[in-house]
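Fold and geometry: a report
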Amino acid sequence: MGNGTSKKIVIFDDDEDILSICAYILEEQGWEVHTHTDCNNITEKVAAVIPDVILMDNWIPEAGGIVATQTLKSNEELKNIPVVYFSANSDIQVLASHAGAETYLAKPFDLEELEKTINNVLQKA
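From a predicted model like this one, the values you see are computed outputs, not experimental measurements.

**What about the UniProt feature "modified residue: 4-aspartylphosphate" (unreviewed entry) in the chain?**
The UniProt record annotates "modified residue: 4-aspartylphosphate" (unreviewed entry) at D57. Take D57: its relative accessible area is 3%, and that puts it in the buried class. Apart from the residues within four sequence positions on either side, D57 is in contact with F12, D13, D14, G65, F86, S87 and K107.

Structure representation (structure tokens):
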């Protein structure tokens, strides 16, 4: 990155395989990756990192991705962090919009899509 500060991302997904694949790919690209398998105490988890972007799974314990995203978006300190909503649900566009996420990524996705979606949301932020 050159300037010594790495971009930070927080990924919420209850699927360990997805977490490890995403973390591996993003770390290769110089991201500092933080992963969680639930969204309990989500404001504390995100505030501890203040990431550049958040990846949010729809089916995440306990509250679920929509409530988790809405919780973040209602927090003054955290509401401007872009959220990429990702899910295998066919209504993902509706879910992401309902949650207040900036964009969405349908599962299964390929890694190029993941990169492109993250880069797009960062450019808009």
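**A look at the UniProt feature "domain: Response regulatory" (unreviewed entry) in the chain**
The sites that carry the UniProt feature "domain: Response regulatory" (unreviewed entry) are, in the present numbering, residues 8–122. End C-alpha atoms of residues 8–122 are separated by 11 Å, and the span's content is 42% helix alongside 21% strand.

**Examining the pattern of salt bridges**
What the rule picks out here adds up to five salt bridges. For the salt bridge of K107 with D57, the shortest nitrogen-to-oxygen distance reads 2.9 Å. Within this pair, whereas K107 is found in the loop between strand 5 (103–106) and helix 5 (111–124), its partner D57 is found in strand 3 (residues 53–57), the two being separated by 50 residues in sequence. We note that K107, like D57, is buried. With a shortest N-O distance of 2.9 Å, E102 and K73 are connected by a salt bridge. Taken together, the residues span a long stretch of sequence, with E102 in the loop between helix 4 (92–99) and strand 5 and K73 in helix 3 (residues 65–73) at a distance of 29 residues. We classify E102 as partly exposed; its relative accessible area is 42%. Overlapping salt bridges, with partners in common, bring together D13, D57 and K107 in one network.

Thresholds applied
Residues numbered from 1 in each chain as written. Predicted model: local features only at pLDDT ≥ 70, side-chain atom pairs only at ≥ 80, totals over all residues. Heavy atoms only, no water. UniProt positions renumbered as here; feature names shortened; annotations may be inferred. Buried < 20%, exposed > 50% of the residue type's maximum accessible area, 1.4 Å probe, protein only. Contact = heavy atoms within 4.5 Å. Helix = DSSP H or I, 4+ residues; strand = E, 2+ residues; numbered from the N terminus. Salt bridge = Lys/Arg side-chain N within 4 Å of Asp/Glu carboxyl O.

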